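Chain by chain, the residues run as shown.
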Amino acid sequence: MSSTGNGEGEQRARGLPRRGPGRAGGGASARARLRRSARRGGPAARRREVDAGPRPTLPIVAAAPPLPGTRGRPAQPFPGAAPARERFGRHTEGSLFDVVKVAIAILDTSARVVLWSPAAEELLGWPSELLVGRRIDELLDDERQVARTRAAIQETLRSGQWHGLAEIRHREGRGVAVETRISLLVDGDGTPFLQVALAEATTVQAVERDLAVRDALFEQSPLGIAVLDIDLRYTAVNQTLADMNGVTVDEHVGRTTGETLPERAADEITAIQRQVLATGEPVIDVTLASPVTARGGFRSISYSRMTDRAGKVLGISGTVMDVTERYRAVAKVEHARRRLSLLNEFGSRVGDLLDASRIAQELASAVVPRLSDHAAVILLQAVAHGDDLPRHGHDRRTSLLQLGTASVQDGPEVEVMLRRGARITFAEDSACGRVLRTGVPELLSGADELSDVTYPGDPKMQAAHDLGVHAMLVVPLRARGIVIGLLLVSRAGYREGFDRDDLAFTVELADRAGSSLDNARLYARERTAALTLQRTLLPQQVPQPTGVEVAYRYVPGSSGTEVGGDWFDVIPLPGDRTALVVGDVMGHGLRAAATMGRLRTAVRTLAGLDLPPDVLLRHVHELTDDLAQSPDEALLATCVYAVFDPATARLVVAKAGHIPPVLIVPRGTAAPTRTGGALPGGDGRILDLPSGAPLGVGGVPFESVELEIPEGSLLALCTDGLVESRDKDLDVGLGRLLTVLEAPYASIQQACEAVLGTMEQGREPDDVALLLARLGHGQVGTPTAGWTLPAEPTAVSRARRLVRATLADWAIEELTDTAELLVSELVTNSVRYASAPIGVRLTLGGTLLVEISDPLPDPPKERHAAEADEGGRGLELVRRLALRWGTRAEGIGKVVWFELALPGMEPDGT
């Protein structure tokens, strides 16, 4: 039979134990007392409001707006942040209560449930209508838990509170471990009640563990930690940060960074804090200098924005780490890297320089401003001029030149202290004298030490004092253990003085510079020797033969001591003919220059034999093995050899693998050749000659080409350095040469300058030899007479008569006897051995030139006749009586010639 009205049916249905007699009434009376107490506002109600109920809304007093310009205080609250009244006046999702849910139950002294909160229903699953009026121990399955609960209630009635762990059965049957706090409440009638606060134990332990971790991290962390609200005021800082800032923890709380740190440091940090608060983007590991009022050094700061579980911005958190040692270590590494970079940069800048002045300037420029404010490089004069180093020690008579200077500023004082090219003098007991003598660098600081750099009263040191120089390094420049100069670097103004590291680095830099400077000195010496040798081997005087006007230029190569083997020559030949030669020995250096001199001597010697150009080149080629520097080094050379005869206007040219000549023929009727006259310009062409192999190669025969040259034509011979370039064909250079020479010029010398002015900047750094020759038809009015005689005995007497009559017409009868005798001897030889007509030609120029030609190719041989011999004295007479004589091949035959000095001439022809 069921009972109605007392809930027992539902109780049995849900598995709860049956209520004992009188339980319902007790629960009702207890609830009534609680309601009366609440209406009266008695102690029990007030205690309940404090311990269990929601807190009343606190009145919020609005803070006065900050004064304009107040440093360190945000001008406005963070955008979107809820007002303080909203934050504290109503429940918001995502609070800590959502994580740790606290259930409240009110018990009477017999452990009977008087009130059962909704949080308790959610925690344990039991609704209040099933539990109110029942004993709490009915939810405990274990007798030990029941006993412990009763003991806890007794302890609470005695002491007023108890807390501990308990396990309560969930409605679903599982046990729930809860953290329990029991407090004694008394209503207005003095009736005691027990307030039981329950929270899931695992959640509470997790929160407590997190708080413990937070406390340990906050208090024991070697990092400075700060928490700031949305007004950027400190809400919490740890002791580490307080020590870093030199301000106590209490003085931080409630204040901004601007109110805590010095202005300069605070402004930068506040800007970062505002950025993080506004954007939400964290700032990680930003290195700043420590505030001047705190420990010196550097700090790494990091800030991130804080939000609650609902996403509302709460403020920012930050960590501060002292990175002074790390910063200094990194700075030291970076400093070393920059120094190494400077060494490498300087090495690359002077590695290919072979000029002492340029190296000195590069050294001075390298150390300013990275190492010093002013720098001077002082070298021995021997280093600057490429002379040998002195073998004795340095003293005050040592000649020094200041060749490299650099400064961070300009002005008259700098000009006095750092004048390039100035001669430097010093006292023997000065800093410069000591360093030059001992090779030991010195670090000077202060006015007293700086006054001792050179000599007392030196205007340069007075200028340094006026510039504020307070520290100087005097470092030797050494090469192979010999001091070859000094490097002076100085600092001025507020810049720190030098230390030992600076001195060690400067010594390393100076040692590298010393090696380069010594290389430059050796280069200058070798180049001077090479150029001297080359200039000595080239023609010292270039003649201006009859019918030819010559201009020339020689430009040494630009690649160090590697002078080339280019040469040119102008060789007068008999009969007013002229040989023009340009050649180039393969290779560079002293060997090439020496070989060039030997080759030029061979060509000039063979030219004296009056050989045709192709024959001469063949003979020179046969000499190449003897002219080579060693059996392992074959001589290779190119050459072009041309012979011009103004009487016949014929040019005979042959070349051996050389650049072809260029011929410019005047337009229209050219005026007779006149030394120093203008060049009218004309049409140019490259002479098409058989190439021929270079001298020393062989296998290709040399061939001569004979050309008839118009009056006033310009012949250009050059070496490949003039027309070759790295990126263009040889034809391009030759075409440019043609274009330049086709233009009119005021003189042949001006044409030379114009050709050199068109050389490309990108051409190979080779020597250039240029020879220009304006070819004419001999001097106007030069008397000439010539005859062709049959190879008969009567030709001798006829030749004598023709010569006598011609000399009488020319009014030089004083030469008649000698001329007749020699012509008679030479014509007799031709009649005896030749079977074809004999030619006789007389030319009156600077001398009387007599030429006898016949078709016999073999030249006559001079013999020494005995006293009893009837013949064999013809050539001996020619040798003794003629000023000069010789033979040359012409066509298929030969020409024997001799010259007689005109009346009034010296025996040497002058």
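Enquirer: Summarise the overall build of the protein chain; cite the residues concerned and give the values.
Expert: Each helix and strand in the protein chain was counted, giving 27 helices and 31 strands. Within the protein chain, the fraction of its 910 residues that count as buried is 46%. When contacts within the protein chain are restricted to residue pairs at least 6 apart in sequence, long-range pairs at least 24 apart make up 64% of them. For the protein chain, the exposed area adds up to about 45400 Å²; of that, 52% sits on carbon and sulfur atoms.

Enquirer: I'd like a rundown of the pattern of salt bridges, residues and numbers included.
Expert: Scanning all chains against the criterion turns up 33 salt bridges. Between Glu 362 and Arg 349 there is a salt bridge, with the nearest N and O atoms lying 2.5 Å from each other. Pair noted here: Glu 362 is in helix α13 (residues 356-367) and Arg 349 is in helix α12 (residues 324-350), with a separation of 13 residues, a long-range link. The exposure class assigned to Glu 362 is partly exposed, which follows from its relative accessible area of 22%. In this structure, the salt-bridge partner of Asp 452 is Arg 434, at a minimum N-O distance of 3.3 Å. Here Arg 434 lies in helix α16 (residues 431-438) and Asp 452 lies in the loop between α17 (446-450) and α18 (459-466), a separation of 18 residues in the sequence. Accessibility expressed as a relative area gives 25% for Arg 434, which makes it partly exposed. Each of Glu 345, Arg 349, Glu 362 and Arg 370 takes part in a single network of salt bridges with overlapping partners.

Enquirer: Help me get a handle on the nonpolar core, residues and values and all.
Expert: One finds Leu 379, Leu 477 and Leu 488 to be the most contacted residues of the largest nonpolar core, which totals 66 residues. If we ignore the near neighbours within four places in the chain, the residues touching Leu 488 are His 374, Ala 375, Ala 376, Ile 378, Cys 432, Val 453, Met 472, Leu 473 and Val 474.

Enquirer: A description of the side chain of Arg 299 should follow, citing residues and the corresponding values.
Expert: By the secondary structure assignment, Arg 299 is in strand β9 (residues 298-307). It turns out Arg 299 is buried and unbridged, and the closest side chain with the opposite charge, Asp 322, is 6.6 Å from it. Only 2.5 Å separates the side chain of Arg 299 from the backbone oxygen of Met 244, close enough to count as a polar contact. A polar contact of 2.7 Å, which involves the side chain of Arg 299, links it to the side chain of Asn 245.

Enquirer: Please provide a residue-by-residue account of the sheet that holds strand β14 (residues 442-445), values included.
Expert: Here six strands make up an open sheet; going across it, the order is β13-β12-β11-β16-β15-β14 and the pairing antiparallel. The open sheet has two free edges, formed respectively by β13 (422-424) and β14, since each of these has just one partner strand. If you compare each strand with its neighbour and ignore which way they point, the axes differ by 25° on average. Here ten bridges tie strand β15 (residues 469-479) to strand β16 (residues 482-492), and the two strands are oriented antiparallel to one another. In the strand pairing of β16, Val 474 is matched with Leu 488. Sitting on the sheet, α13 touches β11 (374-380), β12 (400-407), β15 and β16, and the angle it makes with β12 is about 35°.

Enquirer: Got a sec to walk through the packing of helix α26 (residues 816-833) against helix α27 (residues 874-881)? Specific residues and values, please.
Expert: Two numbers describe how α26 lies on α27: the axes approach to 9 Å, and their chain directions differ by 145°. Crossing geometry of α26 relative to α27 is assigned as left-handed. In this structure, α26 uses Thr 818, Leu 821, Leu 822, Glu 825 and Leu 826 to contact α27, whose residues at the interface are Gly 874, Leu 875, Leu 877, Val 878 and Leu 881. Looking at side-chain class alone, the contact of α26 with α27 contains seven nonpolar, two polar and one charged residues.

Enquirer: Quick one: what's the story with a nonpolar patch on the surface, residue by residue and with numbers?
Expert: A grouping of Met 586, Leu 636 and Val 697 is seen on the molecular surface, where their side chains present a nonpolar patch of about 250 Å² in accessible area. Tracing the chain through its elements places Leu 636 in the loop between α22 (624-627) and β20 (637-645). Using a relative accessible area of 34% as the deciding quantity, one classes Leu 636 as partly exposed.

Enquirer: Requested: an account of helix α21 (residues 613-622), with residues and values cited.
Expert: Within the sequence span of α21, burial applies to Pro 613, Asp 614, Val 615, Leu 616, Leu 617 and Val 620. As for α21, its buried residues are in contact with α20 (590-607), α22, β20 and β21 (650-656).

Enquirer: Could you give an account of the pairing of strand β7 (residues 234-237), with specific residues and numbers?
Expert: Both strand β6 (residues 224-229) and β7 contribute to a ladder of three bridges, which runs antiparallel. The partner of Ala 226 across the bridge, within β7, is Val 237. The turn joining β6 and β7, which pair antiparallel and follow one another in sequence, is formed by four residues; a positive phi near 60° is taken by Leu 232.

Thresholds, definitions, all that
Residues numbered from 1 in each chain as written. Predicted model: local features only at pLDDT ≥ 70, side-chain atom pairs only at ≥ 80, totals over all residues. Heavy atoms only, no water. Helix = DSSP H or I, 4+ residues; strand = E, 2+ residues; numbered from the N terminus. Buried < 20%, exposed > 50% of the residue type's maximum accessible area, 1.4 Å probe, protein only. Contact = heavy atoms within 4.5 Å. Areas by Shrake-Rupley, 256 points an atom, 1.4 Å probe, with all protein chains shown as cover. Salt bridge = Lys/Arg side-chain N within 4 Å of Asp/Glu carboxyl O. Core = buried A, V, L, I, M, F, W, Y, C linked by side-chain atoms within 4.5 Å. Lys, Arg positive; Asp, Glu negative; His and termini not counted. Polar contact = N/O pair within 3.5 Å; in protein donor to acceptor, adjacent residues only side chain to side chain. Pairing = 2+ DSSP bridges. Axes fitted to C-alpha atoms, helices over the stretch in contact; angles between N-to-C directions. Left-handed = near helix turned anticlockwise from the far one by under 90°. Nonpolar A, V, L, I, M, F, W, Y, C, P; charged D, E, K, R; others polar. Patch = residues over 30% accessible without salt bridge, like charges linked within 9 Å, V, L, I, M, F, W, Y side chains within 5 Å.

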